[in-house]
Amino acid sequence: MTGEQFSEQFFFWLLALTTCGGAIAVVVSQNIVRMAFWLVVALGSVAAIYFMLHADFVGATQLMIYVGGTVVLLIFGVMLTASGPYVKIKTSPGDMVIAGGVGVLVLFLLIGTVTAVDWKQAHVSLTGSDPDDYPPEPAAGYNTSTPSSGNTARPIGLKLLGVSLEDTDPDRKDAKNLSTGYLLPFEIVSVHLLVVLIGAGYLARAKRRAGANTDVESTT
Amino acid sequence: MSALFAANSLGEFLAKRLGESWGFGLAAFIHAFILINVFALAPLIFIWLERKVSGRIQDRLGPTRVGGRFGWLQGLADGGKLIQKEDLVPAAADSMLFRMAPYIACIAAFGTFMLLPFSGGWVAVASDIGLFLLVAILSLEVLGIILAGYSSGSKWSLFGGMREAAQMVSYEIPLAITALVPIVTVGSLNLVEIAEMQTSQYFLDGWLMFNNPFTFIAFFVYFTVATAGCKRAPFDLAEAESELVGGFHTEYSGMRWSYFFMAEYAAMFVVSGLASILFLGGWNTGIGFIDESLAIARYRGVLETGIYIPSFLANLVGMVVFVTKASLLVFVQIWIRWTLPRLRIDQVMMTCLKYLIPISCVLFLGATLWPIGLLKFTQRSTVFSEPIQNRIERMKDDAQSEHDDAKKSREDADSSVSGANEERPAVELAPAVASAPLGSEGSR
């Protein structure tokens, strides 16, 4: 095993273990905020695995939406609604048995799905390589530009700006010229969503008479 | 390529002597070591600066004795004191979360340093989505603050944590939108590319801040929001010592307490550095002929293997320029803190939701419409703004030289002008770009 393979394996197993450990701790712990903390560990490790696969856009989205967004909202919700100092959740033994059974079934489903895939066939059909070359030889040496390029997000970004790589591919019959892109429509839709969110927040908040103690409402 | 800090010249140098695995591994370790020291040292300097500036603003001297003149070792003395303090955990606290919270804040702040380019070739991870990733990681810092506030088992901390959560959830929106305004102009999220595209021809004309009126206003909005994002006065409601004792860090002492401040000052540096990359030309000086010669020296370094001294020096100059700009912005943040009174929490929220979000949305929309307006009312031939158009032109040129085998080496240099990873899209895109009438298509 070369040093490169070793470090790759090492980091993969480290991240895989923290993911699974964090996930188990989410289930086992009884305090909601501790659960949220373990959720951060598990989801953050998954994001790190995405980075290892050079899928940095997916990884960053994972961090942004799940770790930075959902978990913060979760803790925020607990802090706003909790009646006591530390909210405990006791799971009844019956629930544990049912949940455990469902979990094991899902595990079998996933294992069945993974083992049912013919990886060799998939690799050959996706890359168009020779079936005899499977498993593919890892590239020799350190390709230091690959992790930094991660080129996964570039087509999306160019498309937003109107530079569409596949549409302009001359090999294709339905090749089109450059368009103005989707930036403006996308932007309008996202600003609309933001307006809807703020409007929902405004409608849902507790009504108070004007002038009555307004500085308390944001903190309670 | 130069994109990966850890694998640049030093890595190649060590790989020749120790073999690839050990050489690159050791180089990565050395660079990570340097980076973590930058992360630790920046807060030390800025805390000293904060004391000194606040002293001067309040007509005091500030620290004067430690380390001889100017009290420049005050930060180290503070650190020594904090290490010796007892590490207290209140009986009412959730001890595990209480212990972990400072680390989360600190790790998040350090994570952003990996993505922050200090100069053209000096960046740990030159991701294609650098800005997005940086904002994503920066937003994790709030998690540490909220957990600290919640787990302390004190009402002051809880209030501080809740205010921080409300403030951050709101201020992240205008932060992201104003950071996108210059992105609309340059068309890249790669921080290295963004800064490299701001090379000036005459004087300051390349800086994105002066690209159009929307980016100009966006800079000030971004800076306001970033100040609030680092929970700095006048937006420091999370600690508000006049109302909440110490806010989220009321119950902390010693090193854990200082970790929060390391994270805060490091985040100040990161958002200021981001401001200088997005709006103020990054490591470009803004003076035409200096920028160009430095840029040429940097790109030569990409072509050479091993250590290439002129490129190293150009990167060093770039880093000095970049750090100076970022530090000046940190200084402005400190200046604002000691000048303006703290807002009330509802005023903080109102500033964000009623003013900053609509302003940033208008700026974003304006920045998108600006090139179309220029196309309509001036003699411009393309809808794409100048940096993107230059880039497309460059892609065209690259494709031309691609066909010309004799100029193979020159083509490598050109394609690396706009960053490290240009070659693949350039080749695919170029024939289409060459044939497409950009302006007429764009005008509909």
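All of these numbers come straight from a predicted model, not from anything done at the bench.

Looking only at helices and strands, chain B has 18 helices and 0 strands in total. The 444 residues of chain B split such that 56% are buried. Contacts in chain B between residues far apart in sequence, at least 24 positions, make up 75% of those at least 6 positions apart. Surface accessibility of chain B: about 18,300 Å² in total, with carbon and sulfur atoms responsible for 67%.

Quick look at the packing of aromatic side chains now. Residue and element names in this part refer to chain B. Under the counting rule described, the total for this entry stands at 25 aromatic pairs over all chains. Centroid distance tyrosine 103 to tyrosine 259: 5.6 Å. Interplanar angle 50°. Geometry classified as tilted. Here tyrosine 103, found in helix α4 (residues 95–115), pairs with tyrosine 259, found in helix α11 (residues 254–278); they are 156 residues apart in sequence, far enough to count as distant. In this structure tyrosine 259 comes out as partly exposed when scored by relative accessible area, which is 21%. Its end group placed over the ring of tryptophan 156, lysine 155 keeps NZ or CZ at 5.5 Å from the ring centre.

It is at 8 Å that the axes of helix α3 (residues 56–81) of chain A and helix α5 (residues 130–138) of chain B come closest, and there the two elements cross at 30°. For the element pair α3(A) / α5(B), the angle class is roughly parallel. Our pair here, α3(A) against α5(B), has a crossing hand that is left-handed. Mapping the contact onto sequence places Phe57(A), Ala60(A), Thr61(A), Leu63(A) and Met64(A) in α3(A) and Phe132(B), Leu133(B), Val135(B), Ala136(B) and Ile137(B) in α5(B).

Here we take up the pattern of salt bridges. All names here are of chain B. The full count for this structure, using the stated rule, is 8 salt bridges over all chains. Linking arginine 232 and glutamate 50 is a salt bridge whose minimum nitrogen-to-oxygen distance equals 3.0 Å. Of the two residues, arginine 232 sits in the loop between α9 (213–229) and α10 (241–244) while glutamate 50 sits in helix α2 (residues 20–57), which places them 182 residues apart along the sequence. Accessibility assignment for this pair places arginine 232 and glutamate 50 in one class, buried. As a salt-bridge pair, aspartate 78 and arginine 51 come within 3.3 Å of each other at their nearest N and O atoms. One end of the pair, aspartate 78, is in helix α3 (residues 74–84); the other, arginine 51, is in helix α2, with 27 residues separating them in the sequence.

Our next topic: the side chain of Thr112(B). All names here are of chain B. With respect to the helices, strands and loops of the structure, threonine 112 is situated in helix α4. Here threonine 112 falls in the buried class, since its relative accessible area comes to 0%. The contact partners of threonine 112, leaving out residues within four places of it in the chain, are Leu134, Ile137, Leu138 and Val270.

So, about the environment of Ala297(B). Residue and element names in this part refer to chain B. Of note, alanine 297 is situated in helix α12 (residues 288–303). Of the residues examined, alanine 297 reaches a relative accessible area of 17% and is grouped as buried. With 143 residues separating them in the primary sequence, alanine 297 and serine 154 have C-alpha atoms 57 Å apart.

This part takes up the nonpolar core. Counting residues in hydrophobic clusters, the biggest one holds 121 residues, and the most contacted among them are Ile75(A) and Phe260(B). Looking at which element gives the most residues to this core, the answer is α11(B), with 15 residues. With sequence-adjacent residues up to four places away left out, Phe260(B) is seen in contact with Ala101(B), Pro102(B), Ala105(B), Gly144(B), Ile145(B), Ala148(B), Phe248(B), His249(B) and Tyr252(B).

Take a nonpolar patch on the surface next. Residues and elements named next belong to chain B. A contiguous nonpolar surface patch, about 830 Å² in accessible area, is contributed by Leu18, Trp22, Leu26, Phe29, Ile30, Phe33, Ile34 and Ile36. The dominant element in the nonpolar patch, judged by the number of residues it contributes, is α2, at 7 residues. Within the secondary structure, isoleucine 34 is located in helix α2.

A few words now on unusual backbone geometry. In this structure, Asp59(B) is a non-glycine residue whose phi angle is positive, near 65°. Assignment of secondary structure puts Asp59(B) in the loop between α2 and α3.

Residues and elements named next belong to chain B. The terminal C-alpha atoms of helix α7 (residues 155–186) lie 47 Å apart, and with 32 residues this matches the ideal 46 Å at 1.5 Å per residue to within 8%. Maximal helix bending in α7 amounts to about 25°, located at tyrosine 171; proline proline 174 follows within four positions. Counting buried positions along α7 gives 23 out of 32 residues, so the element sits mostly inside the fold. One side-chain oxygen of the residue at the start of α7 lies 3.3 Å from the amide nitrogen of tryptophan 156, identifying that residue as serine 154. With its phi angle positive at about 70°, glycine 187 sits one or two positions after the end of α7.

Glancing now at α9(B). All names here are of chain B. Its 17 residues place the ends of α9 24 Å apart at the C-alpha level, agreeing with the 24 Å of an ideal helix rising 1.5 Å per residue. Buried within α9 are the following residues: Thr215, Ala218, Phe219, Val221, Tyr222, Phe223, Val225, Ala226, Thr227 and Ala228. Next to the buried residues of α9 lie α7, α11, α13 (309–337) and α14 (345–377). Backbone nitrogen of phenylalanine 214 and a side-chain oxygen of the N-cap are separated by 2.9 Å at the start of α9; the cap is asparagine 212. Lysine 231 sits one or two positions beyond α9 and adopts a positive phi of about 45°.

Here the focus is the confidence of the model for chain B. Residues and elements named next belong to chain B. Averaged over chain B, the pLDDT score is 77; the fraction of residues at 70 or greater is 80%. When mean pLDDT is taken per element in chain B, α9 scores highest with 89 and helix α18 (residues 438–442) scores lowest with 33. The low-confidence segment residues 1–7, where pLDDT is below 50, has 29 contacts with residues more than four positions distant or belonging to other chains. For residues 417–444, every residue scores under 50 in pLDDT, and the model assigns this stretch 62 contacts once sequence neighbours within four places are set aside. Scored by ipTM, the complex comes to 0.74, with pTM at 0.79.

So, on to the packing of α5(B) against α11(B). Residues and elements named next belong to chain B. Two elements in contact, α5 and α11, have axes whose closest approach is 12 Å; the angle formed by their N-to-C orientations is 160°. When the axis of α5 is compared with that of α11, the two are roughly antiparallel. The chirality of how α5 crosses α11 is left-handed. Where α5 abuts α11, its residues Leu131, Leu134 and Leu138 lie against Ala267, Val270, Val271, Leu274 and Leu278. Grouping the constituent residues of the contact of α5 with α11 by class yields 8 nonpolar, no polar and no charged.

The topology assignment puts Arg256(B) in helix α11. Only 3.3 Å separates the side chain of Arg256(B) from the side chain of Tyr103(B), close enough to count as a polar contact.

Here the focus is the confidence of the model for chain A. All names here are of chain A. The pLDDT averaged across chain A works out to 74; a share of 65% of its residues lies at or above 70. The secondary structure element of chain A with the lowest average pLDDT is helix α6 (residues 145–149), at 44, and the one with the highest is helix α4 (residues 93–116), at 90. Overall, residues 140–150 carries pLDDT values under 50, and its contacts beyond four positions in sequence, including any with other chains, amount to 24 contacts.

The rules behind each value
Residues numbered from 1 in each chain as written. Chains lettered and ligands numbered in written order. Predicted model: local features only at pLDDT ≥ 70, side-chain atom pairs only at ≥ 80, totals over all residues. Heavy atoms only, no water. Helix = DSSP H or I, 4+ residues; strand = E, 2+ residues; numbered from the N terminus. Buried < 20%, exposed > 50% of the residue type's maximum accessible area, 1.4 Å probe, protein only. Contact = heavy atoms within 4.5 Å. Areas by Shrake-Rupley, 256 points an atom, 1.4 Å probe, with all protein chains shown as cover. Phe/Tyr/Trp six-rings, centres within 6.5 Å; stacked < 30°, edge-to-face > 60°. Lys NZ or Arg CZ within 6 Å of the ring centre and 35° of its normal. Axes fitted to C-alpha atoms, helices over the stretch in contact; angles between N-to-C directions. Parallel < 35°, antiparallel > 145°, perpendicular 65-115°, else oblique. Left-handed = near helix turned anticlockwise from the far one by under 90°. Salt bridge = Lys/Arg side-chain N within 4 Å of Asp/Glu carboxyl O. Core = buried A, V, L, I, M, F, W, Y, C linked by side-chain atoms within 4.5 Å. Patch = residues over 30% accessible without salt bridge, like charges linked within 9 Å, V, L, I, M, F, W, Y side chains within 5 Å. Expected span 1.5 Å × (residues − 1). Bend = angle between axes of the 7 residues up to and from the residue. Polar contact = N/O pair within 3.5 Å; in protein donor to acceptor, adjacent residues only side chain to side chain. pLDDT = per-residue confidence, 0-100. Nonpolar A, V, L, I, M, F, W, Y, C, P; charged D, E, K, R; others polar.

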